[in-house]
Amino acid sequence: MNDNLREIVLGVLAAGVTTSLGWFGRTCLWRRGLRRRQRFFGLPDHSECLLVVGRKAATGEGAVARDDVFALLELSALIKECGAHAQVMSHDTVRQGFGEHTEFCIGGPASNSRTAAHLHSLLPGVRVDTGAEPGPDRGAFTIGGEHYRMERGSVEYVLLARLTAGEGSRPVFLSCGQRAVTNQAAIRHLARHHARLARKYGLNGDFCLLLKVVNSQAYGPDVVELVADVTQAATSPPPSPAPAPGGRRQHRAMS
């Protein structure tokens, strides 16, 4: 073998080794990212999860808002990446606790009774105006004494939360928006930024974020701003109202 042929063979071998090492490194990074994603979402290989969706307002039973359907499609792609399987269920057919399966619950308490139950049990510091009468406070959030009103098509709010409770360790992801388009915005935000959220809160950490959807009439669910991390206020029960001074005096007089 002459020198030129030896150099060609060594070059081919070096290129093969470099390519193999690069492929191996990329595969390891991809697998590491996948495992972190699976832990954050509570979706190991071949696991089952629930997609719980509410009804569309002012329609018959079983109808789902178009933007909620889009949110389900985005979640379906994410769940498939994790190697898990999803079961779509209506909010009024779920009769089980939380923790055994990962759950994605989409919709506000007015359209999704499962969301209403989660707010009561897991986010007692959140109040949502679910009154049927039109008015400026309809759909408004009250969190930690702060009031967040909706300006339809201009400024709308949505809560995005990851919560763990119950006997199991699987999380509940909650997208509680003032309109269906805000639910999709929150799910899209989760799909795009889950790695950053996992770094900030940990793979098993709970959080509750208040997001603002800006000018949905023009931009749909794409322009989203983080208003605040409201985890502390949302997970803390509101303080009990102090008894009226007159009531205390009356009690002493009676005793």
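Note that the structure is predicted; figures quoted are calculated from it, not measured.

The next point concerns the overall build of the protein chain. Per the secondary structure count, the protein chain includes 7 helices and 10 strands. Across the 255 residues of the protein chain, 38% fall into the buried class. Here the contacts in the protein chain between residues at least 6 apart in sequence split such that 66% fall between residues at least 24 apart. Surface exposure of the protein chain reaches about 14,400 Å², of which carbon and sulfur atoms provide 55%.

What follows concerns helix α4 (residues 180-201). Compared with an ideal rise of 1.5 Å per residue, which puts 22 residues at 32 Å, α4 spans 26 Å between its outermost C-alpha atoms and falls more than 12% short. Count one or two residues on from α4 and you reach G202, which has phi positive near 90 degrees.

Taken together, the side chains of V69, F70 and L73 present a nonpolar region at the surface, about 250 Å² in accessible area. With respect to the helices and strands, F70 occurs in helix α2 (residues 66-81). Taking the relative accessible area as the measure of exposure, F70 reaches 34% and is therefore partly exposed.

For the rest of this paragraph, the subject is unusual backbone geometry. We note that H46 has phi near 65 degrees; this positive angle belongs to a residue other than glycine. Secondary-structure assignment places H46 in the loop between α1 (3-41) and β1 (48-53). Relative accessible area serves as the criterion here: at 64%, H46 is assigned to the exposed category.

This paragraph deals with the confidence of the model for the protein chain. The share of residues in the protein chain with pLDDT of 70 or more is 81%, and the mean pLDDT across the chain is 85. Taken together, the stretch residues 247-255 has pLDDT below 50 and engages in 1 contact with residues farther than four places along the chain or on a different chain.

Moving on: the pairing of strand β8 (residues 172-177). Among the 6 residues that make up β8, 6 are buried, leaving the element largely enclosed by the rest of the structure. Of the two faces of β8, both are covered, the one formed by V172, L174 and C176 as well as the one formed by F173, S175 and G177. As paired strands, strand β3 (residues 102-106) and β8 are joined by 4 bridges and run parallel to one another. Each bridged residue has a counterpart across the sheet, and for I106 the counterpart in β8 is S175. In the sheet, strand β7 (residues 155-163) pairs with β8 via 6 bridges, with the strands oriented antiparallel. Bridging from a neighbouring strand, L159 pairs with C176 of β8.

Let's shift gears to the side chain of E156. Structurally, E156 can be placed in strand β7. The class for E156 is buried, based on a relative accessible area of 0%. Of the polar contacts made by the side chain of E156, one reaches the side chain of R179; its length is 2.7 Å. One polar contact links E156 to S216, side chain to side chain, over a distance of 2.7 Å.

Moving on to the packing of α2 against α4. At a minimum axis distance of 7 Å, the contact between α2 and α4 shows a crossing angle of 15 degrees. Considered as vectors, α2 and α4 are oriented roughly parallel to each other. Remark: the crossing between α2 and α4 carries left-handed chirality. Along its contact with α2, which presents D67, D68, F70, A71, E74, L75 and L78, the element α4 presents A180, V181, N183, Q184, I187, R188 and A191. Grouping the amino acids of the contact of α2 with α4 by side-chain chemistry returns 8 nonpolar, 2 polar and 4 charged.

Cut-off values and rules
- Residues numbered from 1 in each chain as written.
- Predicted model: local features only at pLDDT ≥ 70, side-chain atom pairs only at ≥ 80, totals over all residues.
- Heavy atoms only, no water.
- Helix = DSSP H or I, 4+ residues; strand = E, 2+ residues; numbered from the N terminus.
- Buried < 20%, exposed > 50% of the residue type's maximum accessible area, 1.4 Å probe, protein only.
- Contact = heavy atoms within 4.5 Å.
- Areas by Shrake-Rupley, 256 points an atom, 1.4 Å probe, with all protein chains shown as cover.
- Expected span 1.5 Å × (residues − 1).
- Patch = residues over 30% accessible without salt bridge, like charges linked within 9 Å, V, L, I, M, F, W, Y side chains within 5 Å.
- Salt bridge = Lys/Arg side-chain N within 4 Å of Asp/Glu carboxyl O.
- pLDDT = per-residue confidence, 0-100.
- Pairing = 2+ DSSP bridges.
- Polar contact = N/O pair within 3.5 Å; in protein donor to acceptor, adjacent residues only side chain to side chain.
- Axes fitted to C-alpha atoms, helices over the stretch in contact; angles between N-to-C directions.
- Parallel < 35°, antiparallel > 145°, perpendicular 65-115°, else oblique.
- Left-handed = near helix turned anticlockwise from the far one by under 90°.
- Nonpolar A, V, L, I, M, F, W, Y, C, P; charged D, E, K, R; others polar.

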